[in-house]
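Chain by chain, the residues run as shown.
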Amino acid sequence: MTAYYREHQKLFVSVDCIIFGFEENKLKVLIGKRQMNPGRGEWSLYGGFVAADESIDEAANRVLFHLTGLRNLYMKQVGAFGSVDRDPGERVISVAYYALINVKDYDDKLRKEHGVQWVSINEIPPLYSDHNEMIMEALRLMRQKIKTEPISFRLLPSLFTLTQLQRLYEAVNGEEVDKRNFRKRIKDMDFIEKTELIDKSSSKRGAYLYRFNKKAYNESNNFKL
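Residues numbered from 1 in each chain as written. Predicted model: local features only at pLDDT ≥ 70, side-chain atom pairs only at ≥ 80, totals over all residues. Heavy atoms only, no water.

S.K.: Help me understand the overall build of the protein in this model?
M.R.: Across its full length, the protein carries six helices and nine strands. Its C-alpha atoms give the protein principal-axis dimensions of about 70 × 35 × 30 Å. Taken over 225 residues, the protein has a buried fraction of 43%. Once local pairs closer than 6 in sequence are excluded, the contacts in the protein between residues at least 24 apart make up 65%. For the protein, the exposed area adds up to about 13,600 Å²; of that, 46% sits on carbon and sulfur atoms. Looking at charge distribution, the protein has the averaged site of its 36 positive side-chain charges lying 6 Å from that of its 31 negative ones. (Helix = DSSP H or I, 4+ residues; strand = E, 2+ residues; numbered from the N terminus. Buried < 20%, exposed > 50% of the residue type's maximum accessible area, 1.4 Å probe, protein only. Contact = heavy atoms within 4.5 Å. Areas by Shrake-Rupley, 256 points an atom, 1.4 Å probe, with all protein chains shown as cover. Lys, Arg positive; Asp, Glu negative; His and termini not counted. Charge placed at Lys NZ, Arg CZ, Asp CG, Glu CD.)

Structure (structure tokens):
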């Protein structure tokens, strides 16, 4: 360590992760009971302090992997939260990130081991410190991004019905969409491919399954909903 900046107060830097999932036609967030003081037992996001030898992105990826066991998740920075009194323990500045996962990819044993649970975006209880504010800001940013980039497919299985896709957009945006117009826009997108497979879980007749073709998307790079 150098002798520079000794006249300045040292601060703690942490990362907090907002992990979104889509289940039962609802947009959900992973939260759990805080396991440390201050705030032990309060509902909270999952996070951790940034180590001296890692960047904030590396810290967020480490936290996400530790919690989910998944790598290469879609992750975006939400912003920094640094109110002077946001943490009653010490002066802590937190950088929030949001990540998108397919709930089915998350080992439920690991979820239980960490003591976290999926909670609907509309049923989130009061959380520790400014974590509710973090979630609302992450949701605002995701609503912007989902209209111009195909991030929604990170929340879905590799094969999905058009109804599932529509319900996802409705859950994220918090409002119903017109079925006819939605499907017309989807069918104009060459990178959303119809397969010959049929999902019969919701009806005897069933519904065709679709998939996202990343290569076709990269070639067209034209997405807007």
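Alright, that's what it looks like, and here's the rest.
S.K.: Is there a simple way to think about the environment of glycine 115 in this case?
M.R.: With respect to the element layout, glycine 115 can be found in the loop between α2 (108–114) and β7 (116–120). In this structure glycine 115 touches Ile31, Gly32 and Lys33, once residues within four positions along its chain are discounted.

S.K.: Which parts of the structure should I look at to understand the packing of aromatic side chains?
M.R.: Two numbers describe a pair of aromatic rings. These are the distance of the centres and the angle of the planes. By the definition in use, this model includes eleven aromatic pairs. Centre to centre, the rings of phenylalanine 191 and phenylalanine 212 are 6.0 Å apart; their planes meet at 85°, and the pair counts as edge-to-face. Here phenylalanine 191, found in the loop between α5 (179–187) and β8 (192–199), pairs with phenylalanine 212, found in strand β9 (residues 207–212); they are 21 residues apart in sequence, far enough to count as distant. According to the relative accessible area criterion, phenylalanine 191 is buried, its value standing at 2%. Connected via pairs of aromatic rings, a cluster forms that spans Phe153, Phe160, Phe191, Phe212 and Tyr217. Directly above the ring of tyrosine 128 sits arginine 34, whose terminal nitrogen or CZ lies 4.0 Å from the centroid. Over the ring of tyrosine 208 we find lysine 194, and its NZ or CZ is 4.1 Å from the ring centre. (Phe/Tyr/Trp six-rings, centres within 6.5 Å; stacked < 30°, edge-to-face > 60°. Lys NZ or Arg CZ within 6 Å of the ring centre and 35° of its normal.)

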